Amino acid sequence: MHISADTELATLNTLALQGRARAFARAEDEAGINHALAFARAQGLAVVPWGQGSNIVVAGDIDALVLQVASTGRQVISRDDNRLVLRVAAGENWHRLVGWTVQQGYAGLANLALIPGTVGAAPIQNIGAYGVELAHCVVAVHGVRIDSGEPLRLGASDCAFGYRDSIFKGELRDALVITSVDIQLDERAAPDCSYPSLAAQLAENGIIQPTPQQVFDAVVSIRQARLPDPAVQPNAGSFFKNPVVPAAQAAALLRAEPAMPSFAAGNGEVKIPAAWLIERCGWKGVERKGVGVHAAHSLVLVNSGANSGQRLLQLAAEICASVQARFGIGLDIEPRIYGAPA
Ligand SMILES: Cc1cc2nc3c(=O)[nH]c(=O)nc-3n(C[C@H](O)[C@H](O)[C@H](O)COP(=O)(O)OP(=O)(O)OC[C@H]3O[C@@H](n4cnc5c(N)ncnc54)[C@H](O)[C@@H]3O)c2cc1C
């Protein structure tokens, strides 16, 4: 496997932000991953695992070996009458996997159609969309430790999955390269169509008892109509997580802002759409110095020509400050930030 020095990353992240990796390798299989990790250990280099760069902000040059995981393969590891457990290599494309599962008649992943990126990155933030999270179908995550090359298996309950969160962002942050994910699919599981925009789209098409394929098609059509394509307008999807606040704080805000949408988040907490907060602060469609807030989606920041992660992060900081000042709510950035400031 070829390991290159001083490699530009702009074409390897969906925000198209510029920055150079001290070293770069693309591993097509587990042997390649192990080889690259051994190289990094021998050179004393840190390792940054990389998928398709759809949830990353390149904020400057990265003093590490950027290891793009491009391994492929799907294997049925168990099957009974209705259930199937698949082991999927980390470099497989997520959306293609979802498409394959619905073609086979399995409902579980249909709501997660068209999320960019790889299977190996999916557990990192427990990807979620249209009322469904990856966590509900993960059986195990397999990886290899960056510091020792030791293999590691985590059962689903070891992964500490939460809203856009997992052990891979906490205790095991930067500790391993995920090599494959075991995913369970159940033929009897009814598609989850409770999410309002999904339910509305299906109703509009006169579909009452949707098949997995129909849910998949509805999600694809909603996403294509609403979300900017990174190939046209470089972006990383939602830039901020939806904040979760104590119920008392949400109630006080609702008295001042009765139109504020809010959703019960369990444990006496309430989730508030970050997009609404940002829009109320007047940021929708604002563009400055080659970065901006998408005109139709306040949650999506776009690189409109600056190609600079620093500029994007400056804009994000201004947005956070104004939301904090007006609503007393801190916003968290969803993508992972890498690279030293220029
Ligand atoms: C237009 C758009 C829409 C999106 N919509 C959604 C959505 O609806 N829901 C949602 O949850 N997300 C969404 N995302 C975010 C993104 O698609 C997901 O987070 C995805 O899982 C990232 O995959 P990736 O391969 O691009 O990971 P990368 O961006 O390359 O990496 C993301 C993080 O995972 C780590 N990582 C990647 N691969 C591995 C590995 N094999 N082992 C260990 N660590 C690894 C990286 O180090 C990094 O910290 C969207 C992004 C875009 C651009």
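One can find the structure itself at the top, above this paragraph.
Please read all numbers here as calculations on a predicted model, not as lab measurements. (Residues numbered from 1 in each chain as written. Predicted model: local features only at pLDDT ≥ 70, side-chain atom pairs only at ≥ 80, totals over all residues. Heavy atoms only, no water.)

Draft legend 1. Structural view of the sheet that holds strand S3 (residues 47-50). Judged by pairing direction, the sheet is mixed, and its four strands sit side by side in the order S1-S2-S5-S3 without closing on themselves. Either end of the sheet is taken by a strand with one partner, and the two such strands are strand S1 (3-8) and S3. If you compare each strand with its neighbour and ignore which way they point, the axes differ by 35° on average. Pairing between S1 and strand S2 (residues 20-27): five bridges, direction antiparallel. Within the sheet, the bridge partner assigned to Glu8 lies in S2 and is Arg20. Across the sheet, helix H1 (residues 30-43) is in contact with S1, S2, S3 and strand S5 (62-69); its angle to S5 comes to roughly 170°. (Pairing = 2+ DSSP bridges. Helix = DSSP H or I, 4+ residues; strand = E, 2+ residues; numbered from the N terminus. Axes fitted to C-alpha atoms, helices over the stretch in contact; angles between N-to-C directions. Contact = heavy atoms within 4.5 Å.)

Draft legend 2. Main features of the packing of aromatic side chains. Applying the stated criterion across every chain yields a total of four aromatic pairs. Both rings, one in Phe239 and one in Phe240, keep their centres 5.4 Å apart while their planes meet at 75°; by these two values the pair is edge-to-face. Judged by relative accessible area, Phe240 falls into the buried class, the value being 1%. Sitting over the face of the ring of Tyr163, Lys271 holds its NZ or CZ atom 3.7 Å from the ring centroid. (Phe/Tyr/Trp six-rings, centres within 6.5 Å; stacked < 30°, edge-to-face > 60°. Buried < 20%, exposed > 50% of the residue type's maximum accessible area, 1.4 Å probe, protein only. Lys NZ or Arg CZ within 6 Å of the ring centre and 35° of its normal.)

Draft legend 3. Quick look at the pairing of S2. As paired elements, S2 and S5 share six bridges and run parallel to each other. Each residue of the ladder has a partner; that of Phe24, found in S5, is Val66.

Draft legend 4. Layout of the sheet that holds strand S6 (residues 74-79). One open sheet accounts for five strands, arranged S6-S7-S12-S10-S11; its pairing is antiparallel. Every other strand in the sheet has two partners, leaving S6 and strand S11 (151-155) as the edge strands with one partner each. The average undirected angle you get between the axes of adjacent strands in this sheet is 20°. Bridge analysis of strand S7 (residues 83-89) against strand S12 (residues 176-186) gives seven bridges, and the strand direction is antiparallel.

Draft legend 5. Main features of the site of the ligand. Residues in contact with the ligand amount to 32 residues; listed here are only the nearest, Pro49, Ser54, Thr118, Ile178 and Tyr338. For the ligand, an oxygen atom lies 2.8 Å from a polar atom in the backbone of Gly53. Interatomic distance of 3.0 Å between a side-chain N/O atom of Gln125 and an oxygen atom of the ligand. Notes on the ligand: free accessible area 980 Å², of which the protein chains cover 94%. Those elements giving two or more residues to the shell around the ligand turn out to be S3, strand S8 (128-129), S12, strand S13 (235-238) and strand S20 (336-338). Looking at the shell around the ligand residue by residue, the classes come out as 17 nonpolar, 12 polar and three charged. (Near = heavy atom within 4 Å. Polar contact = N/O pair within 3.5 Å; in protein donor to acceptor, adjacent residues only side chain to side chain. Areas by Shrake-Rupley, 256 points an atom, 1.4 Å probe, with all protein chains shown as cover. Nonpolar A, V, L, I, M, F, W, Y, C, P; charged D, E, K, R; others polar.)

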